[in-house]
Amino acid sequence: MSNQFDVVVIGAGPAGYVCAIRAAQLGLKTACIERWSDDKGKPTLGGTCLNVGCIPSKTLLDSSQKYVEAKRDFSTHGIKHSGVEIDVAAMMGRKDNIVKTLTGGIAGLFKANGVTLLHGAGKVLKGKRVELTRADGSVEIVGAEHTIIATGSRPIEIPPTPLTDDLIVDSTGALAFKSVPKRLGVIGAGVIGLELGSVWGRLGAEVVVLEAMEGFLAAADQQIARESRKILEKQGLDIRLGARVTASEVKGKDVEVTYVDGDGTEHKITFDKLIVAVGRRPYTENLFAADSGIEMDERGFIHVDDHCNTSVPGVYAIGDVVRGPMLAHKGSEEGVVVAERIAGQKAQMNYDLIPSVIYTHPEIAWIGKTEEEVKALGEAYKVGTFPFAASGRALAANEGHGMVKVISDKATDRILGVHIVGPSAADLVQQAVIAMEFAASTEDLALTIFSHPTLSEALHEAVLAVDDHAIHIANRKKRR
Ligand code: FAD
Ligand code: AMP
């Protein structure tokens, strides 16, 4: 039967498209269902990540950082220029072209690997069947020996700040402003709030970030979080913690936001744009027939075990729609593991080693346990830190801010966590991910030769500092 597949993946985001490609590589007859269309009605692949997430945000972060450097840093290098200006339309056009190239690239990869693309909305039915509803309303039933749900997530909306056309927006709206706001409010000091606040702050907006929690970056190592906050505030982000937004009122072209601080005092503040970045929720609307048997957890995520099996045999769920960090690389790896297990391989996902990155400037990145988590476990541990202010390569690049922190087990010397705020932290932390995947000790990295001069030397020095023998800073005697 032509519409009978070994594998049907619902959703072509980074979890779904990677899963479909891997399944096809393994010789499984594979289809991927995606309902998103472009303005010409053609399928749009890549999900949140490529269209309204990772890629457009990083594109704007890079463009806006170049603007800041041209305006502020070139003179430090002895480069004189005048009249640096921002052309928001051109910046957005560049972003749109990059998105188009990458989403088109996935269509090419599907073709090259023999994945059948089915354009429409997928719904899981009982008995190894998936219903496909196309944009014209026609319905087809597809047979699926294995179904993988990869339908992703949507921004959370909160009652105090209902979205408007272009005044109160979510992350998608904030990636498409037509001009630089004068006074920009951001609700939520999470990854998305800090990244988008940084983009528009660099381009000239006065940015106020309102965060309900008293702590900053609660999931990060708190020493790194404190250092990051200092750097971001110095750049001009006005980060107000313990500020819970309770109401908003549109007043002409402005929005007045009410928030309550930690003492219970009410404040009002006016913006000409407001970004609501209070998190994302799993997307499962209209995804199952009532008798499909798929179970959800109490927060609306599809319930899965360690291998992404749902409550129904032969149905799996991966990516943002299931527990775990909402990160593209987490979903992609789950996609690979599920495809390989369906093909009979013994693949396994290492949930302990999923790196986190915040693409501010400098970047914030970490892997493994924070000092707070290690302390709570009650095990003896060692810490080494190294500041980028002492890195020759960082200073040469005018990037001498931030630090690397390494935490290891005192008894075994095994690396437990690496936390970085500094230049290229996202790429530097990947070296630690590889080391930890191989269960490296700090001694293993201490004995590794690092090229000079590189930013990576800061990781080497932090590793040496764990046992008080860093070379390029004075080692402080530690008592722990
Ligand atoms: P999605 O990417 O959401 O894809 C799901 C797909 O399923 C969509 O295309 C949707 O149309 C489709 N779909 C849904 N329901 C159906 C249905 N019934 N039938 C057919 N198709 C359906 N993560 C990072 O790792 N690094 C970053 O730098 C990063 N930056 C981000 C910046 C922003 C502004 C945002 C919003 C997110 C960012 N993320 C980042 C998160 C990342 O985008 C998500 O974790 C990732 O896209 C999740 O992948 P996914 O495949 O699970 O879901
Ligand atoms: P994240 O889920 O990492 O994107 O972060 C979202 C942030 O938004 C969290 O830190 C929440 O505490 C914060 N948040 C949620 N609701 C509100 C609110 N009403 N006012 C201010 N901050 C909020």
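Quick caveat: nothing in here was measured; it's all calculated off a predicted structure.

A. Spotlight on the packing of aromatic side chains. Applying the stated rule across the entire model yields one aromatic pair. When the ring of Phe-177 is compared with that of Trp-200, the centres are 5.2 Å apart and the planes differ by 50 degrees; the resulting orientation is tilted. Remark: Trp-200 occurs in helix H6 (residues 191-202) and Phe-177 occurs in the loop between helix H5 (171-174) and strand E9 (183-187); sequence separation between them is 23 residues. Here Lys-29 stacks its cationic end above the ring of Phe-5, 4.9 Å away from the centre of that ring.

B. Local environment of the environment of Ala-219. By secondary structure assignment, the location of Ala-219 is in the loop between strand E10 (206-210) and helix H7 (222-234). For the pair formed by Ala-219 and Thr-370, sequence separation is 151 residues and the distance between their alpha carbons is 8.3 Å. Those residues within four positions of Ala-219 in sequence are excluded, and the remaining contacts are Trp-366 and Thr-370.

C. Spotlight on the site of ligand 2. Of all residues adjacent to ligand 2, which total 14 residues, the nearest are Gly-188, Glu-211, Ala-212, Ala-243 and Val-245. A distance of 2.6 Å is found between an oxygen atom of ligand 2 and a side-chain nitrogen or oxygen belonging to Glu-211. Residue Ala-212 places a main-chain N or O atom 3.0 Å away from a nitrogen atom belonging to ligand 2. Coverage of ligand 2 by the protein chains reaches 70% of its 510 Å² of free accessible surface. For the shell around ligand 2, a count of residues per class yields nine nonpolar, three polar and two charged.

D. A look at the pattern of salt bridges. Enumeration over the complete set of coordinates arrives at 20 salt bridges. One salt bridge in this structure joins Arg-72 and Asp-73, with 2.7 Å as the shortest N-O distance.

E. Structural detail: the layout of surface pockets. In this structure, the second largest pocket occupies an estimated 730 Å³ of space. Lining the second largest pocket are 31 residues; nearest its centre among them are Gln-65, Val-68, Arg-72, Gln-235 and His-361. Breaking the lining of the second largest pocket down by element, the ones donating at least two residues are helix H3 (54-73), H6 and H7. Taken together, the residues of the lining of the second largest pocket sort by class into nine nonpolar, 13 polar and nine charged.

F. Broad picture of the sheet that holds strand E14 (residues 266-271). Within the open sheet, the three strands sit side by side as E12-E13-E14. Their pairing is antiparallel. Pairing within the sheet leaves two strands with one partner each, and these edge strands are strand E12 (244-251) and E14. Each adjacent strand pair in this sheet contributes to an overall mean axis angle of 20 degrees, direction not counted. Bridge analysis of E12 against strand E13 (residues 254-260) gives seven bridges, and the strand direction is antiparallel.

G. Local environment of the site of ligand 1. Taken together, 37 residues form the shell around ligand 1, and within it Glu-34, Thr-48, Lys-58, Gly-122 and Ala-328 come nearest. The contact in question runs from an oxygen atom of ligand 1 to an N or O atom on the side chain of Asp-320, over 2.8 Å. One nitrogen or oxygen atom from the side chain of His-329 is found 3.3 Å from an oxygen atom belonging to ligand 1. Contributing elements (two or more residues each) for the shell around ligand 1: helix H1 (14-25), strand E2 (30-34), helix H2 (47-52), H3, strand E4 (121-125) and helix H8 (328-342). The greatest single-element share of the shell around ligand 1, amounting to four residues, is contributed by H2.

Criteria and thresholds
Residues numbered from 1 in each chain as written. Chains lettered and ligands numbered in written order. Predicted model: local features only at pLDDT ≥ 70, side-chain atom pairs only at ≥ 80, totals over all residues. Heavy atoms only, no water. Phe/Tyr/Trp six-rings, centres within 6.5 Å; stacked < 30°, edge-to-face > 60°. Helix = DSSP H or I, 4+ residues; strand = E, 2+ residues; numbered from the N terminus. Lys NZ or Arg CZ within 6 Å of the ring centre and 35° of its normal. Contact = heavy atoms within 4.5 Å. Near = heavy atom within 4 Å. Polar contact = N/O pair within 3.5 Å; in protein donor to acceptor, adjacent residues only side chain to side chain. Areas by Shrake-Rupley, 256 points an atom, 1.4 Å probe, with all protein chains shown as cover. Nonpolar A, V, L, I, M, F, W, Y, C, P; charged D, E, K, R; others polar. Salt bridge = Lys/Arg side-chain N within 4 Å of Asp/Glu carboxyl O. 1 Å grid on protein atoms, 1.4 Å probe; cavity = no way out; pocket = protein on both sides within 12 Å on 5 of 7 lines; lining within 4 Å. Points joined across faces, edges and corners; volume = space filled by probe spheres on them. Pairing = 2+ DSSP bridges. Axes fitted to C-alpha atoms, helices over the stretch in contact; angles between N-to-C directions.

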